[in-house]
Amino acid sequence: MNEVIKLLKLVFYLSVATALLIVVLGETGVLPNGLWAANVSADFVVTSMMELSTIILLPLALRLFKISIVSNDLILHKSVALRKWGIIRLCMMIVPLILNTLFYYFFMRATFGYMAIIVLIAMMFIYPSTSRCNAETEEIDDNS
């Protein structure tokens, strides 16, 4: 179980570090700022898709371990299920975080920056601490 927790923490920290690296590269001018800013139709399509994906994936990732199929799998198979579902949940947050951060610099639109910040804040609610991982793989008595 400790190896799984270490893996989930590694994925968590690497995703945040990747987003921060993109910010550093964008602010120093290594990433092309405003590369697609003039393409209005691409701006509309990408903004719409990222808004929809962020709005759908964020709550789903936050509530994923409460879905009965997932929670039963976590209780029955513990570390194997925690590795699988934990990485899926993290990826549901990482993909919008990285894409929104990149698109912020490609389109130079604050919308993408705000969505990336919202995802980054929401990631704090799924941080894979040891106590959280242990609690998510234990059966909860609903009669209390």
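Residues numbered from 1 in each chain as written. Predicted model: local features only at pLDDT ≥ 70, side-chain atom pairs only at ≥ 80, totals over all residues. Heavy atoms only, no water.

A. Geometry of the packing of aromatic side chains. On inspection of all chains with the given rule, the structure shows 10 aromatic pairs. The structure contains a cluster of three or more aromatic residues connected by ring pairs, namely Trp 36, Phe 103, Phe 106, Phe 107 and Phe 112. (Phe/Tyr/Trp six-rings, centres within 6.5 Å; stacked < 30°, edge-to-face > 60°.)

B. Looking closely at the packing of helix H3 (residues 68-107) against helix H4 (residues 110-123). One can describe the packing of H3 onto H4 by two numbers: an axis separation of 8 Å at closest approach and a directional angle of 155°. By the angle class used here, H3 and H4 are roughly antiparallel. Seen from above, H3 lies across H4 with left-handed handedness. Of H4, the residues touching H3 (which contributes Met 93, Ile 94, Pro 96, Leu 97, Asn 100, Thr 101, Phe 103, Tyr 104 and Phe 107) are Ala 110, Phe 112, Gly 113, Met 115, Ala 116, Val 119, Leu 120, Ala 122 and Met 123. (Axes fitted to C-alpha atoms, helices over the stretch in contact; angles between N-to-C directions. Helix = DSSP H or I, 4+ residues; strand = E, 2+ residues; numbered from the N terminus. Parallel < 35°, antiparallel > 145°, perpendicular 65-115°, else oblique. Left-handed = near helix turned anticlockwise from the far one by under 90°. Contact = heavy atoms within 4.5 Å.)

C. Just the packing of helix H2 (residues 40-63) against H4, in detail. The geometry of H2 relative to H4 is characterised by a closest axis approach of 11 Å and an angle of 10° between their N-to-C directions. Here H2 lies roughly parallel to H4, going by the angle between them. Taken together, the residues of H4 that come into contact with H2 (itself represented by Asp 43, Val 46, Thr 47, Met 50, Glu 51, Thr 54, Leu 58 and Leu 62) are Thr 111, Phe 112, Met 115, Ile 118, Val 119 and Ala 122. Partitioned by chemical class, the residues of the contact of H2 with H4 number 9 nonpolar, 3 polar and 2 charged. (Nonpolar A, V, L, I, M, F, W, Y, C, P; charged D, E, K, R; others polar.)

D. Spatial organisation of the nonpolar core. The biggest cluster of nonpolar side chains holds 37 residues, and the ones touching the most others in it are Phe 65, Leu 82, Met 93, Phe 103, Phe 112 and Met 123. Ranked by the residues each element gives to this core, the list is headed by H3, at 15 residues. Setting aside its immediate chain neighbours within four residues, Leu 82 contacts Met 1, Val 4, Leu 8, Phe 65, Leu 74, Ile 87, Cys 133, Glu 136 and Thr 137. (Core = buried A, V, L, I, M, F, W, Y, C linked by side-chain atoms within 4.5 Å. Buried < 20%, exposed > 50% of the residue type's maximum accessible area, 1.4 Å probe, protein only.)

Just distances and angles here, no functional claims.
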